[in-house]
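Each chain, written out:
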Amino acid sequence: MTMNGTYGGARSIDEVLLQLDDAVAEARMASSRLGYFAALYRMVTRKVKDGIAQGFFEDGPRMERLDVTFANRYLDALNLHLHGGRPTCCWALSFEAARNPRLLILQHLLLGMNAHINYDLGIAAAETSPGAELGSLYTDFNKINAILAGLVGSVVDEIQELSPWIRLLDKIDIKAEFAVINFSMMKARDCAWNVAERLALGDNASDAAYLYQLGNEVAFLGGKVADPSFWLNLGLSVIRSRESGDIPRIIDVLGGTDTDIVPPIRHAV
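The present account deals with the structure reproduced in this document. All figures in this text were calculated on a predicted structure; none of them were measured in a lab.

### Comments concerning empty space enclosed by the protein
Phase 1: Tallying each qualifying case throughout the model produces 3 cavities of 30 Å³ or more.
Phase 2: Within this model, the largest cavity holds a volume of roughly 110 Å³.
Phase 3: In this structure, the largest cavity is lined by Arg-33, Leu-34, Tyr-36, Phe-37, Tyr-74, Leu-78, Trp-91, Ser-94, Phe-95, Ala-98 and His-108.
Phase 4: Only helix H2 (34–53), helix H3 (60–82) and helix H4 (89–97) provide two or more residues apiece to the lining of the largest cavity.

The structure is reproduced here in structure tokens:
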């Protein structure tokens, strides 16, 4: 079974969550590793929604607009991949890697985070607060990054049940726990804000070339996540030998759901 749902075009954070529910449920039934990032991202979106409701952000309505714009970039890319289109190269790398059983669960997650934060987040920020408005977004931009960064710090704990030797990462490479090569949330945050500042200038004539180059740079970094050095790959193979191969179970754990409860599929129209 393959995934064939229709995604993208969400108009509210609740619609984003419904589509992520569907993507997770469909991936689980198809035993697709595409569900790993979708499950984790659904947890992020729920935290953002809770933060808006609790007044965590300076401007709740604006944060919802940012969240929806940000999420739609992932959902649109997923939809292109599922229906024969060609998403941005950094997303294509992440989606195509889902077919590779040799990668760690953590590598699959980092490939999604790399494309979504290093590429999508700055674009979404500039679209939400164009031009001179961008500066007022900075505080809330950092707050949503704090939520994203919290995942990096907790994801190893969450998947330890599935990958008993995952803690060996920091023995293989001191930075590997957060990178498997060189993924850094601080660098990703700064990169995303630099992208937002560049795009907020609104020079459409050069934006396309800039984004093409950015996509290639982010894909290059993703390639290092998927295929790091020879020696690091040897160490990762040891960890991989003890990882669970039960894809639906992995999706459940990453999404924090009960294995007996699978949300119904409500394909977007």
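### Brief notes about the nonpolar core
Phase 1: Tyr-36, Tyr-41, Val-48, Tyr-74 and Leu-78 are the most contacted members of the largest nonpolar core, which has 72 residues in total.
Phase 2: With sequence-adjacent residues up to four places away left out, Val-48 is seen in contact with Ile-13, Phe-57, Met-63, Asp-67, Ile-144 and Ile-147.

### Remarks on the packing of helix H1 (residues 13–30) against H2
Each pair of packed helices gets described by two things: the angle between the helix axes and the distance between those axes.
Phase 1: Interaxial distance between H1 and H2 falls to 9 Å at its minimum, and their mutual angle equals 155°. The orientation of H1 with respect to H2, classified from their angle, is roughly antiparallel. Crossing hand, H1 versus H2: left-handed. Together, Ile-13, Asp-14, Val-16, Leu-17, Leu-20, Asp-21, Ala-23, Val-24 and Ala-27 of H1 and Leu-34, Gly-35, Ala-38, Ala-39, Tyr-41, Arg-42, Thr-45, Arg-46, Val-48, Lys-49 and Ile-52 of H2 make up the contact between the two elements.
Phase 2: Counted by class, the contact of H1 with H2 contains 13 nonpolar, 2 polar and 5 charged residues.

### Observations concerning the layout of surface pockets
Phase 1: In this structure, the largest pocket spans a volume of roughly 210 Å³.
Phase 2: If you go around the largest pocket, you meet 11 residues; those closest to its centre are Met-3, Ser-32, Leu-34, His-81 and Arg-99.

### Here's the deal with H1
Phase 1: With 18 residues, H1 ought to run about 26 Å at 1.5 Å a step, and its terminal C-alpha atoms sit 25 Å apart, in line with that.
Phase 2: Most of H1 sits out of view: 14 of its 18 residues are buried.
Phase 3: Positive backbone phi, approximately 50°, marks Ser-31, located one or two places after H1.

### Examining the pattern of salt bridges
Phase 1: Inspection of the entire model under this criterion finds 10 salt bridges.
Phase 2: Note that Asp-140 is salt-bridged to Arg-62, the shortest N-O span being 3.4 Å. Linking Asp-140 in helix H6 (residues 138–159) with Arg-62 in helix H3, this pair joins segments that are 78 residues apart in sequence.
Phase 3: Owing to a relative accessible area of 0%, Asp-140 belongs among the buried residues under this scheme.
Phase 4: Across the pair Arg-86 and Glu-96 runs a salt bridge whose closest N-O atoms are separated by 2.8 Å. Residue Arg-86 is located in the loop between H3 and H4, and its partner Glu-96 is located in helix H4; the two are separated by 10 residues in the primary sequence.
Phase 5: On the basis of relative accessible area, Arg-86 is assigned to the exposed category, the value being 58%.
Phase 6: Overlapping salt bridges, with partners in common, bring together Asp-21, Arg-42 and Arg-46 in one network.

### Thoughts on the environment of Ser-129
Phase 1: With respect to the secondary-structure elements, Ser-129 resides in the loop between helix H5 (105–128) and H6.
Phase 2: Overall, the relative accessible area of 1% leaves Ser-129 in the buried class.
Phase 3: Separated by 71 residues in sequence, Ser-129 and Ala-200 place their C-alpha atoms 7.7 Å apart.
Phase 4: With sequence-adjacent residues up to four places away left out, Ser-129 is seen in contact with Arg-62, Leu-134 and Leu-137.

### Things to note about the packing of aromatic side chains
Phase 1: Counted by the stated rule, this structure contains 10 aromatic pairs.
Phase 2: Consider the rings of Phe-37 and Tyr-41, whose centres lie 5.6 Å apart with planes at 15°: the pair is stacked. Note that Phe-37 and Tyr-41 are positioned in helix H2 at a spacing of 4 residues, about one turn of the helix.
Phase 3: Note on Tyr-41: relative accessible area 4%, which makes it buried.
Phase 4: Here the aromatic rings of Phe-141 and Trp-193 are separated by 4.9 Å at their centres, their planes lie at 55°, and the arrangement is tilted. In this pair, Phe-141 sits in helix H6 while Trp-193 sits in helix H9 (residues 185–200), placing the two residues 52 residues apart along the sequence. You'll find Phe-141 and Trp-193 in the same group, each marked buried.
Phase 5: Pairwise contacts between aromatic rings join Phe-37, Tyr-41, Phe-70, Tyr-74, Trp-91 and Phe-95 into one cluster.
Phase 6: Sitting over the face of the ring of Phe-56, Lys-143 holds its NZ or CZ atom 5.3 Å from the ring centroid.
Phase 7: One cation-aromatic arrangement involves Arg-198 over Tyr-210; the distance from NZ or CZ to the ring centre is 4.6 Å.

Parameters at a glance
- In every chain, residue numbers begin from 1 and rise along the written sequence.
- Owing to the predicted nature of the model, reporting of local features is limited to residues with pLDDT of at least 70; listing and counting of side-chain atom pairs is limited to 80 or more, with chain, interface and lining totals taken over all residues.
- Derived side-chain values reflect all non-hydrogen atoms in the structure, with water molecules and hydrogen atoms excluded from consideration.
- Think of a 1 Å grid over the protein atoms and nothing else: a 1.4 Å probe that fits but is trapped marks a cavity, an open set flanked by protein within 12 Å on at least five of seven lines marks a pocket, and residues with an atom within 4 Å of a point count as lining.
- Grid points are joined across faces, edges and corners, and a volume is the space filled by probe spheres set on the points.
- Working definition: helices are DSSP H or I runs of at least four residues, strands are E runs of at least two. Numbering for both runs from the N terminus.
- For our purposes a nonpolar core is just a set of buried Ala, Val, Leu, Ile, Met, Phe, Trp, Tyr and Cys residues, chained together by side-chain atoms within 4.5 Å.
- Exposure is judged per residue with a 1.4 Å probe applied to protein chains only, and the accessible area is read against the type maximum: over 50% gives exposed, under 20% gives buried, and values in between give partly exposed.
- In what follows, a contact means two residues having at least one pair of non-hydrogen atoms within 4.5 Å.
- To obtain an axis, a line is fitted to C-alpha atoms, over the contacting stretch when the element is a helix, and the angle between two such axes runs from 0 to 180 degrees between their N-to-C directions.
- Angle categories are assigned with fixed cut-offs, so that under 35 degrees is roughly parallel, over 145 is roughly antiparallel, 65 to 115 is roughly perpendicular, and the rest are oblique.
- A clockwise turn of the near helix away from the far one marks a right-handed crossing, whereas an anticlockwise turn of less than a right angle marks a left-handed crossing.
- Ten residue types, Ala, Val, Leu, Ile, Met, Phe, Trp, Tyr, Cys and Pro, are classed as nonpolar, four, Asp, Glu, Lys and Arg, as charged, and the remainder, Gly among them, as polar.
- Here the expected length of a helix is defined as 1.5 Å per residue gap, with one fewer gap than residues.
- Each salt bridge in this description consists of a side-chain nitrogen of Lys or Arg and a carboxyl oxygen of Asp or Glu lying within 4 Å of one another.
- Working definition: a ring pair exists when centres of Phe, Tyr or Trp rings (six-membered ring for Trp) sit within 6.5 Å. Plane angles under 30 degrees give stacked, over 60 give edge-to-face, the rest tilted.
- Charge over a ring is defined by NZ of Lys or CZ of Arg lying within 6 Å of the ring centre and within 35 degrees of the ring normal.

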